[in-house]
Amino acid sequence: MEQYIIKGGTALYGEVEIGGAKNAALGLLAASIMADEDVTIENLPDVSDVNQLIIAIENIGATVKRVDRHTVTINGKTIYSHVVEYEQMKKIRASYYLIGALLGKFREAEVALPGGCNIGSRPIDLHQKGFTALGADVVTDHGMLHAKADRLVGNNIFLDIASVGATINVMLAAVNAEGKTVIENAAKEPHVVDVANMLNSMGANIRGAGTDKIRIVGVPKLHGTVYSTIPDQIEAGTFMCAVAAAGGEVLIRNVIPKHLECISAKLMEMGCTVIEYDDAVKVKAGDETGSAKIKTLPYPGFPTDMQPQIVVCLSMANGNSMVTESIFENRFKYVDELNRMGSMIKVEGNTAFISGVGRLEGAQVSAPDLRAGAALVIAGLAANGFTQVDDIVYIQRGYERFEEKLAGLGANIEKVDSEKEAQKFRLKVG
């Protein structure tokens, strides 16, 4: 089983290039099957979640051409099935986007209820509410969600929670519906805007993405396009936190600085210097890390996907910090692992109380989910001695060449798959 082995204590310096946004790419791939012409998506991250969804799309009959590592061309004209089985989808949450895409195009979809990281309850009742409002009959049976409609008709849909998944899924189903659809209390995240922009480039009529009210006028069909995925806000934020924790100064390229404002603001509050450029940010670690209070919120608030990474930084800060998780109830599962490295974190309900310890100590830890895994790698970079991070399959779901990019900044990190390789690394850098 593959692991990361890390020798901490080395500051990070240089430049790193951020890839395409995983969360956007999954929505874009689902949207691509709705046209009967070639849809080319560029700047896709080469991560397991994206590759699994591409395989699932190919398995229902779509024509898929891998142009290169980060580009794929998909044509939905050859799709022969509206059924996506559990084995294809059990590892990734965003399988549910295929429900909206298939329902919108074929008026029928049968998709396995999704898997993904166990970070808390992520019910799809809002998705079902949206599909029902558009005229579909929706039932769940033996782990499959089946949605079918004779015709889809636009409607006013109010989302009880500003859910990213429900916003994108209803948008996918509504673009080919008759008449007008209004999604109120819509999620505003950058990847919602990205999916809307690609659908518009395919001939859809969507206005208001990025606000809490999205208006959609249905069109008979969509056409092909060439579209580039936005940069990954969370990958960029992860490298920002890595610099803050390990020390150093790094220029992070291929980002949209506006998407990072909430992360930049917190890191500056904690003593870092963050300089914004047109498509890059430079992060310089402060001499000392200050404490902070943070609450995760929907965009433009502090992202839940950045909570574990910022907690690592705060675990070494001067003073006491408090982090409240308002999105997912199981997002603190990594705290026991971090405490094994010497942090002093106590979780009560949905709040973590953090007493800064100055420095962490290397240990063998296990990644419980994608973002927590990345956070434990950051902890290893900043810790004394060696850290071994197990179950890195979670990390590989959302970070492309993570260890290579960190090594390019001077980090002592290597991916190994045996104790012999780990021992060789220890001798090499010890």
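To start, this report covers the structure provided alongside it. (Residues numbered from 1 in each chain as written. Predicted model: local features only at pLDDT ≥ 70, side-chain atom pairs only at ≥ 80, totals over all residues. Heavy atoms only, no water.)

Another point: empty space enclosed by the protein. What the rule picks out here adds up to two cavities of 30 Å³ or more. For the largest cavity, the calculated volume is near 50 Å³. Forming the boundary of the largest cavity are Gly19, Gly20, Pro45, Val47, Asp232, Glu235, Gly398, Tyr399 and Glu400. Broken down by class, the residue content of the lining of the largest cavity amounts to three nonpolar, three polar and three charged. (1 Å grid on protein atoms, 1.4 Å probe; cavity = no way out; pocket = protein on both sides within 12 Å on 5 of 7 lines; lining within 4 Å. Points joined across faces, edges and corners; volume = space filled by probe spheres on them. Nonpolar A, V, L, I, M, F, W, Y, C, P; charged D, E, K, R; others polar.)

Turning our attention to the packing of helix 1 (residues 22–32) against helix 4 (residues 97–106). Their axes nearest at 8 Å, the elements helix 1 and helix 4 cross at an angle of 20°. When the axis of helix 1 is compared with that of helix 4, the two are roughly parallel. As helix 1 runs across helix 4, the sense of the crossing is right-handed. From helix 1, Leu26, Gly27 and Ala30 reach across to helix 4, where they touch Tyr97, Leu98 and Ala101. (Axes fitted to C-alpha atoms, helices over the stretch in contact; angles between N-to-C directions. Helix = DSSP H or I, 4+ residues; strand = E, 2+ residues; numbered from the N terminus. Parallel < 35°, antiparallel > 145°, perpendicular 65-115°, else oblique. Left-handed = near helix turned anticlockwise from the far one by under 90°. Contact = heavy atoms within 4.5 Å.)

Strands sit in the order 22-23-1-24 across an open sheet of four strands; the sheet is mixed. Two strands lie at the open edges of the sheet, namely strand 22 (364–366) and strand 24 (412–416), each paired on one side alone. When strand polarity is set aside, the average angle formed by the axes of neighbouring strands in this sheet is 20°. Where strand 1 (residues 3–7) lies against strand 23 (residues 386–390), four bridges are found, and the strand directions are antiparallel. Within strand 23, the position partnered with Ile5 by the bridge is Gln388. In the packing of helix 12 (residues 370–382) onto the sheet, the strands contacted are strand 1, strand 22, strand 23 and strand 24, and the crossing angle to strand 1 comes to about 25°. (Pairing = 2+ DSSP bridges.)

Below, the discussion takes up the packing of aromatic side chains. Aromatic ring pairs are described here by two measures, namely the spacing of the ring centres and the angle between the planes. One pass over the full model with this rule turns up five aromatic pairs. The interplanar angle of 70° and the centroid separation of 5.0 Å between the aromatic rings of Tyr96 and Tyr97 together place this pair among those described as edge-to-face. Each member of the pair, Tyr96 as well as Tyr97, carries the same accessibility label: buried. Members of the aromatic cluster, joined through ring pairs, are Phe239, Tyr399 and Phe402. Just above the ring of Phe386 sits the side chain of Arg426; from NZ or CZ to the centre is 6.0 Å. (Phe/Tyr/Trp six-rings, centres within 6.5 Å; stacked < 30°, edge-to-face > 60°. Buried < 20%, exposed > 50% of the residue type's maximum accessible area, 1.4 Å probe, protein only. Lys NZ or Arg CZ within 6 Å of the ring centre and 35° of its normal.)

This next bit is on the sheet that holds strand 8 (residues 137–141). On the basis of which strands lie adjacent, the open sheet formed by four strands has the order 6-7-9-8 and mixed pairing. In the strand order of this sheet, the two ends are held by strand 6 (83–84) and strand 8, each with one partner. Judged from the two bridges that link them, strand 6 and strand 7 (residues 108–112) form a sheet pairing that is parallel. Its bridge partner being in strand 7, Val83 is matched across the sheet by Glu110.

Another aspect to go through is the pattern of salt bridges. Counted according to the given criterion, the structure contains 21 salt bridges. Arg253 is paired through a salt bridge with Glu15; the nearest N and O atoms lie 2.8 Å apart. Here the residue Arg253 occupies a position in strand 15 (residues 248–253), and Glu15 occupies one in strand 2 (residues 12–17), the gap between them amounting to 238 residues. Between Glu403 and Lys415 there is a salt bridge whose closest N-O contact spans 3.8 Å. Of the two residues, Glu403 is situated in helix 14 (residues 402–407) and Lys415 in strand 24; the sequence distance between them amounts to 12 residues. With relative accessibility at 11%, the residue Glu403 sits in the buried group. Three or more residues are tied together by salt bridges with common partners; here these are Lys22, Asp49 and Arg397. (Salt bridge = Lys/Arg side-chain N within 4 Å of Asp/Glu carboxyl O.)

Let us now look at the nonpolar core. Soluble globular proteins tend to bury their nonpolar side chains together. Ranked by internal contacts, the top residues of the largest apolar core, which has 72 residues, are Leu29, Ile33, Met171 and Leu199. Setting aside anything within four residues of it in sequence, one finds Leu199 in contact with Ala31, Met171, Leu172, Val175, Ala204, Ile206 and Leu222. Within the second largest apolar cluster, 71 residues are counted, among which are Val243, Met270, Val323 and Leu409. (Core = buried A, V, L, I, M, F, W, Y, C linked by side-chain atoms within 4.5 Å.)

Here the focus is the packing of helix 8 (residues 233–246) against helix 12. The contact between helix 8 and helix 12 brings their axes to 8 Å, and the two run at 25°. Between helix 8 and helix 12, the crossing angle belongs to the class labelled roughly parallel. Regarding helix 8 and helix 12, the two cross each other, and that crossing is right-handed. Contacts from Ile234, Thr238, Cys241, Ala242, Ala245 and Ala246 of helix 8 reach helix 12 at Arg371, Ala374, Ile378, Leu381 and Ala382. Along the lines of polarity and charge, the residues of the contact of helix 8 with helix 12 split into nine nonpolar, one polar and one charged.

For helix 7 (residues 190–201), built from 12 residues, the straight-helix expectation of 16 Å at 1.5 Å per residue is met to within 8% by its first-to-last C-alpha distance of 17 Å. Taken as a whole, helix 7 has its buried residues at Pro190, His191, Val192, Asp194, Val195, Ala196, Met198 and Leu199. Gly203 lies just past helix 7 and shows a positive phi near 105°. (Expected span 1.5 Å × (residues − 1).)

Among the structural elements, His259 can be located in the loop between strand 15 and helix 9 (261–269). For His259, a relative accessible area of 14% translates into the label buried. Ignoring anything within four residues of it in the chain, the contact list for His259 reads Pro190, Ile230, Gln233 and Tyr299.

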